Structure formats: C-alpha cells, structure tokens
Amino acid sequence: MNAPVKIETTLKDWETDQEVRWCPGCGDYAILKAVQRTLPQIGANPANTVFISGIGCSSRFPYYMETYGFHTIHGRAPAFATGAKLANPDLDIWLVTGDGDGLSIGGNHLMHVLRRNVNMQIMLFNNEIYGLTKGQYSPTSREGTKSPSTPLGSYDHPARPAAFALGAGARFVGRGFDVSKNLPDVLKAAHAHQGAAFVEIFQNCIVYNKDVFNDFAAPKGAEDRQLWLENGKPMLFAGDTKGITLNREKLCLEVVDVTDGDWEAAGVIVHDVTNRSIAHMLVEMPFGPFPMALGVLYDDPRPTFEAAAIAEKAKASEGKDTNLAKLLGKGQTWTVDDKEGHPA
C-alpha cells in the first residue's frame, strides 16, 4: 500500500452544503466539528477519504462531510467498509455507527471487522438510547432505564462498547465524549494506528436521554471524575490529588490519594497503551467508585487484514503470466468465420 499523501486543508474544506439535521443541542454536532477540525491537522485528503455509516442518528454523518460517503443499511456498515478497503486499500475509511446500530443488529459485523483488523477508524456514538426510532432502550442503556419499550425500567445488563471491542480482539481502543476538547487527540491517535481503531464517543441525546453522562462529561464541574490516559504518564485525576494503583495481591485496580504530588509514593501506575490486561481493567472500572477512563486505553498494532489479502494475492500470482489474451487463447481454440470470410 502506498503511504497517503498529506495535503493542506481547512475546516471549511470538509463542510458540505447540506443542512445539518440533528435535534438542536444534540452531541452529534460537537462530534462533527471535532472530526472536521481533526482532518486538516492530520493532512487528510478529501478525495481519498470515505465515511461509511449504517442506520441511526449518527449515521447521517456522511452527508455532512465533503468526502466520499456511503449511508448503508442497519448494522452492516462494517461489511461495506471492509469491501471498500479490500477494493482500494489506499482509501482512508472512517466507519460511523451508534450503540443500537453497532451493538444490536450490527454486533456480529462489528465483531468481525475488529478481529480481522481491517485498517479503518471506527467511531461508535454511545448515547445509551435509540434516538432515531423515538427513545427505546438500547444495548447500552443502564439498568432501570425507562423508555417506550421499558416503561417500568430496563432489567437488561448493558453492553460496554470498549469491553466488547477488546474482547473481539481490537488492537486500538479509545474513549472520549462529544464536547471534550481532548476528543481530537483521541481521533488523531486512532488515525495514526495501522489497523481497526475503535473509539467509543459518549454522546448526549438531548431529547430521549438528556444529560445521562453529566456526572463525568458536564461542560463544567465534572473534570475531577475524568481519568485522561496518556502513554507513559501516571494515572492521575482530580487535579492530580488522586490516582489509580494496582493491587497485586487481588489483581485489581484501586483509587489512592496522592499527597504533595508524590504519585510514586502513592503507588500510582504509569499508563502503558500496549498492556492489554490493564486496558481490560480500565474499561471495566465501575463509575462512581472510580473515575471514567478516557483517551487511548489500548494501542498495540499488528498486521492488517488487507495487507494479508494483498500478500496472498501476490503469492498466488507469483511466476504466472498475467496476459489475459494469452490466457484466453491457451489450449485448443478456433475462430468462426462468416460467409464473407470475416471473423464472426
């Protein structure tokens, strides 16, 4: 595969003339702007970029990006994206899905694009509700969620998208939320990763699940409940007054107080994005007793699916004549002439 050629663009180069049609106040607006700001910074080329989506509020995304786009069918965006990548491995593919689209009808397809490690960025907008179909509970809705389909409260145990991705074999897992100033940094890291890069983005549904993430994602006052992870940096939060340590006897994470900034004395661990075991612990941390783990949780690349497909094709054709005319004329052939003596 050829290395993508970086070009200079501005945010305006990525905006379409289409009216953006989400509910006023929807978190999707903030995610759209974050993506449009990120793409110029990584030198992306609109002529080589494709946004592919399934069905749902998030899946309107391709209409609002001045790139190639494909609004596909419910849950099947990963299959379309895989086909596009295999047909043209040089394409820069962004897959956009939601908690309903990606983890309900599309859970099977999402699992396979992750385990195959197809080189693309996967953004899953998680608002813990079905927004487009008027507020039914979704696979990620919390227990007790009241909705038109669960009027007495949901008793389902919710799926955790980041845990699902790790379990499916993803080699990159990140987290952010719609209005975070750090979201572009997570998207940049995902784009730099060679392979399937999964990013869960908590997104506020202003109509059916308003402010459900305010306990850690409110514009003001929630910073102390966010653990922003950075490779090689200690896991500190709450203004560096608290941190995360590993209880080596119980093999579990714990919150510790940090006195006078001495995080080493408190036993705070340093984040290593290649440590899969710690990544699993981070995504499973219960919010409340623990902060919400955000940023790049896991990043450990391995060879991609399309690279293996290209290598296999090259091996299969090695030493063989690829002249189609010679191939068609091989063996016993004959020409049928018409009465005039011209070939038919």
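Our structure is the block above this text.
Residues numbered from 1 in each chain as written. Predicted model: local features only at pLDDT ≥ 70, side-chain atom pairs only at ≥ 80, totals over all residues. Heavy atoms only, no water.

Quick notes on the sheet that holds strand 5 (residues 172-177)
In any sheet, the strands associate via hydrogen bonds between backbone groups, in a parallel or an antiparallel arrangement. Reading across from one edge, 2-1-3-4-6-5-11-7 is the order of the eight strands in this open sheet, with mixed pairing throughout. Of all the strands in the sheet, the pair left with one neighbour each is strand 2 (68-71) and strand 7 (226-229). Put simply, the sheet's adjacent strands are angled 20° from each other on average, direction ignored. Direction of pairing for strand 1 (residues 49-53) relative to strand 3 (residues 92-98): parallel, over a ladder of five bridges. The partner of Phe-51 across the bridge, within strand 3, is Trp-94. Along the sheet, helix 9 (residues 276-284) contacts strand 5, strand 7 and strand 11 (292-299); its crossing angle with strand 11, the most-contacted strand, is approximately 155°. (Pairing = 2+ DSSP bridges. Helix = DSSP H or I, 4+ residues; strand = E, 2+ residues; numbered from the N terminus. Axes fitted to C-alpha atoms, helices over the stretch in contact; angles between N-to-C directions. Contact = heavy atoms within 4.5 Å.)

Here's the deal with helix 2 (residues 77-87)
Turning to helix 2, its buried residues number three or more, namely Ala-77, Pro-78, Ala-81, Thr-82 and Lys-85. Summarising the axial view, the buried residues of helix 2 lie within an arc of 135°, below the 170-degree limit, and thus occupy one face. Summarising the contacts, the buried residues of helix 2 are in contact with strand 1, strand 3, helix 4 (107-116), strand 4 (120-126) and helix 10 (305-317). (Buried < 20%, exposed > 50% of the residue type's maximum accessible area, 1.4 Å probe, protein only. Arc of directions from axis to C-beta.)

A few points about the pattern of salt bridges
Scanning the model with the defined rule gives 10 salt bridges in all. For Glu-15, the salt bridge identified is with Lys-33, shortest N-O distance 2.4 Å. On the criterion of sequence distance, the pair formed by Glu-15 in the segment before helix 1 (28-41) and Lys-33 in helix 1 is long-range, its members being 18 residues apart. When its relative accessible area of 23% is taken as the criterion, Glu-15 is described as partly exposed. The salt bridge involving Arg-175 is made with Glu-200; its shortest N-O contact spans 3.1 Å. Here Arg-175, found in strand 5, pairs with Glu-200, found in strand 6 (residues 196-202); they are 25 residues apart in sequence, far enough to count as distant. The burial state of Arg-175 is the same as that of Glu-200; both residues are buried. Where salt bridges share partners, they join Lys-12, Glu-15 and Lys-33 into one cluster. (Salt bridge = Lys/Arg side-chain N within 4 Å of Asp/Glu carboxyl O.)

Quick word on the packing of helix 2 against helix 4
Contact geometry of helix 2 with helix 4 gives a least axis separation of 8 Å together with a crossing angle of 35°. Contact residues: Pro-78, Ala-79 and Thr-82 in helix 2; His-109, Leu-110 and Val-113 in helix 4. Its residues placed into classes, the contact of helix 2 with helix 4 shows four nonpolar, two polar and no charged. (Nonpolar A, V, L, I, M, F, W, Y, C, P; charged D, E, K, R; others polar.)

Things to note about the packing of helix 2 against helix 10
For the pair helix 2 and helix 10, the least separation of the axes is 10 Å and the interaxial angle reads 45°. On the basis of the axis angle, helix 2 is oblique to helix 10. Crossing hand, helix 2 versus helix 10: right-handed. Here Thr-82, Lys-85 and Leu-86 of helix 2 lie close against helix 10, whose contacting residues are Phe-305, Glu-306 and Ala-309. Among the residues making up the contact of helix 2 with helix 10, the classes are represented as three nonpolar, one polar and two charged. (Parallel < 35°, antiparallel > 145°, perpendicular 65-115°, else oblique. Left-handed = near helix turned anticlockwise from the far one by under 90°.)

With respect to the state of the cysteines
This model, assessed by the stated rule, comprises zero disulfides. Between Cys-57, a cysteine without a disulfide, and Cys-26, which holds the nearest cysteine sulfur, the sulfur-to-sulfur distance is 6.4 Å. Free cysteine: Cys-205, not disulfide-bonded; nearest cysteine sulfur from Cys-57 at 6.4 Å. A residue is classified by how much of its surface remains accessible, and Cys-205, at 10% relative accessible area, is buried. (Disulfide = S-S within 2.5 Å.)

Notes on helix 6 (residues 183-192)
All buried positions along helix 6 are accounted for by Leu-183, Pro-184, Val-186, Leu-187, Ala-190 and His-191. Along the axis of helix 6, the buried positions cluster into a sector of 160°, meaning they face one direction only.

What to know about a nonpolar patch on the surface
Together, Phe-70, Ile-73 and Phe-80 make up a nonpolar patch on the protein surface, roughly 270 Å² of accessible area in all. Owing to a relative accessible area of 41%, Phe-70 belongs among the partly exposed residues under this scheme. (Patch = residues over 30% accessible without salt bridge, like charges linked within 9 Å, V, L, I, M, F, W, Y side chains within 5 Å. Areas by Shrake-Rupley, 256 points an atom, 1.4 Å probe, with all protein chains shown as cover.)

Structural notes on the pairing of strand 5
Each regular strand displays side chains that alternate between the two surfaces of the sheet. Within strand 5, six of the six residues are buried, which leaves it mostly tucked inside the rest of the structure. Alternating residues of strand 5 divide into Phe-172, Gly-174 and Gly-176 and Val-173, Arg-175 and Phe-177, and every residue in both groups is buried. Two elements, strand 5 and strand 6, share six bridges in a ladder whose sense is parallel. Note on strand 6: the bridge partner recorded for Phe-177 is Phe-202. In terms of handedness, the path from strand 5 via helix 6 over to strand 6 forms a crossover that is right-handed. Note: strand 5 against strand 11, four bridges, orientation antiparallel. Considered in strand 11, the bridge of Phe-172 is made with Asp-299. (Right-handed = clockwise from strand over helix to strand, strands pointing away.)

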